[in-house]
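Tertiary structure, described
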Amino acid sequence: MSTSIAEQPKATGASTPRQSSARTKILVLVAFAAVYVVWGSTYLAIRVGIESFPPFILAGIRHVTAGLVLYAVFPRKSGIRPTKAHWWTAAVTGFMLLFVGNGGVSWAEQTVPSGIAALLVGPAHLGGSERVEPRGAAVLMIASLAWAWGSLYSKHRDKPAAPMLNAGMQSFAGGVALLIAATLTGEFHGFHFAAVSARSWLALVYLIAFGSGIGFSAYVFLLEKSTPARVGTYAFVNPVVALFLGWLILAEPLSLRTFLAAGVILTAVILVITAPHPDPVRTKEPLPAPGEA
């Protein structure tokens, strides 16, 4: 007796739509954790890194290395061959996010404490009344705007279907732009790798492996899988992490007002993350204007 398609047993190892949805939700939660905590810690890592590295050299090596590693791995795994349109999107997005955005943060942290830098590219008035060097503050504002614009551009342009491949292409493009800037501004003149301290090398390794390899890849993944409102909440959590790490490790100032504000912000973020949201495919609300470290 023949059986209908509905009565036939399912193929062994095939995942059901419910299982696929559950797996995606878990990946999204893990990605949020990476963006919240890892990116918050990169402000401190940048501050330690530029103790020995010039800022554009530090950021350039970080992103070129991460981009090469990601690009070497994920085209083979995904079977996708990037097109010229994919590379154009990656070049523009990498320039805005990583050259202007991250490069600006790296340059500004020469004069602005890591916790304050996180505040200036996230929610305002979280910290105390510490004075901030005007040029550094201006660069951080430009970096924040560039990051928001680049995020919106990337979300609505032609790009590879594999988020990790997309992250690798953006990292490589932005890193090349940063190294060109380092050359044009003379950062390589008088710079010697042998003079870099052990803690700055460790900071660079951390930025490559965690800041770019995990944090930036998670951000690119979230742009595809979640809503702009949810993704934008990282801009409120990152300063909290950066402030506490700056206070704990570099003795940067931290006030009672900061503790209270941090509790309010984290509570609000939990409410945003857990509240029902419309389908991310249909939503067209703009991203807030944060900036990644």
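To be clear, the structure that these remarks concern was listed above.
Residues numbered from 1 in each chain as written. Predicted model: local features only at pLDDT ≥ 70, side-chain atom pairs only at ≥ 80, totals over all residues. Heavy atoms only, no water.

**Examining the overall build of the protein**
Within the protein one finds 10 helices and 0 strands. Along the chain direction, N to C, the helices and strands of the protein fall in the order α-α-α-α-α-α-α-α-α-α. For the protein, buried positions account for 49% of its 293 residues. Considering only contacts within the protein whose residues lie at least 6 apart along the sequence, 89% involve residues at least 24 apart. Just so you have it, the protein exposes about 14700 Å², and 68% of that area is on carbon and sulfur atoms. (Helix = DSSP H or I, 4+ residues; strand = E, 2+ residues; numbered from the N terminus. Buried < 20%, exposed > 50% of the residue type's maximum accessible area, 1.4 Å probe, protein only. Contact = heavy atoms within 4.5 Å. Areas by Shrake-Rupley, 256 points an atom, 1.4 Å probe, with all protein chains shown as cover.)

**Quick look at the pattern of salt bridges**
Tallied over the entire structure, the rule returns 2 salt bridges. One salt bridge connects arginine 199 with glutamate 51, and the closest N-O pair in it is separated by 2.8 Å. On the criterion of sequence distance, the pair formed by arginine 199 in helix 7 (residues 198–225) and glutamate 51 in the loop between helix 1 (17–49) and helix 2 (55–78) is long-range, its members being 148 residues apart. Here glutamate 51 falls in the partly exposed class, since its relative accessible area comes to 45%. When the shortest N-O distance is used, the salt bridge between lysine 159 and glutamate 224 registers 3.3 Å. Separated by 65 residues along the polypeptide, lysine 159 in the loop between helix 5 (134–155) and helix 6 (163–184) and glutamate 224 in helix 7 bring together distant segments of the chain. The class for glutamate 224 is partly exposed, based on a relative accessible area of 37%. (Salt bridge = Lys/Arg side-chain N within 4 Å of Asp/Glu carboxyl O.)

**Remarks on the environment of leucine 202**
In this fold, leucine 202 is placed in helix 7. Taking the C-alpha atoms as reference points, leucine 202 and alanine 45, 157 residues apart in sequence, are found 8.6 Å from one another.

**As for a nonpolar patch on the surface**
Taken together, the side chains of Val176, Ile180 and Leu184 present a nonpolar region at the surface, about 300 Å² in accessible area. Isoleucine 180 sits in the partly exposed class, given a relative accessible area of 48%. (Patch = residues over 30% accessible without salt bridge, like charges linked within 9 Å, V, L, I, M, F, W, Y side chains within 5 Å.)

**What to know about the packing of helix 1 against helix 7**
Where helix 1 meets helix 7, the closest approach of the two axes is 8 Å, and the angle between their N-to-C directions is 145°. Judged by the twist between their axes, the crossing of helix 1 over helix 7 is left-handed. Its residues placed into classes, the contact of helix 1 with helix 7 shows 21 nonpolar, 6 polar and 2 charged. (Axes fitted to C-alpha atoms, helices over the stretch in contact; angles between N-to-C directions. Left-handed = near helix turned anticlockwise from the far one by under 90°. Nonpolar A, V, L, I, M, F, W, Y, C, P; charged D, E, K, R; others polar.)

**Here's the deal with the side chain of glutamate 187**
Here glutamate 187 lies in the loop between helix 6 and helix 7. No salt bridge is formed by the buried glutamate 187, whose closest oppositely charged neighbour, arginine 135, lies at an N-O distance of 12 Å. In terms of polar contacts, glutamate 187 uses its side chain to reach the backbone amide nitrogen of isoleucine 57, at 2.9 Å. The contacts of glutamate 187, once residues within four sequence positions are left out, are Pro54, Pro55, Phe56, Ile57 and Ala182. (Lys, Arg positive; Asp, Glu negative; His and termini not counted. Polar contact = N/O pair within 3.5 Å; in protein donor to acceptor, adjacent residues only side chain to side chain.)

**Quick word on the environment of phenylalanine 95**
As for its placement among the helices and strands, phenylalanine 95 is situated in helix 3 (residues 84–108). Put simply, phenylalanine 95 and glycine 175 are 80 residues apart on the chain and 8.5 Å apart in space, counted from C-alpha to C-alpha. Setting aside residues no more than four positions away along its own chain, phenylalanine 95 makes contact with Val100 and Ala177.

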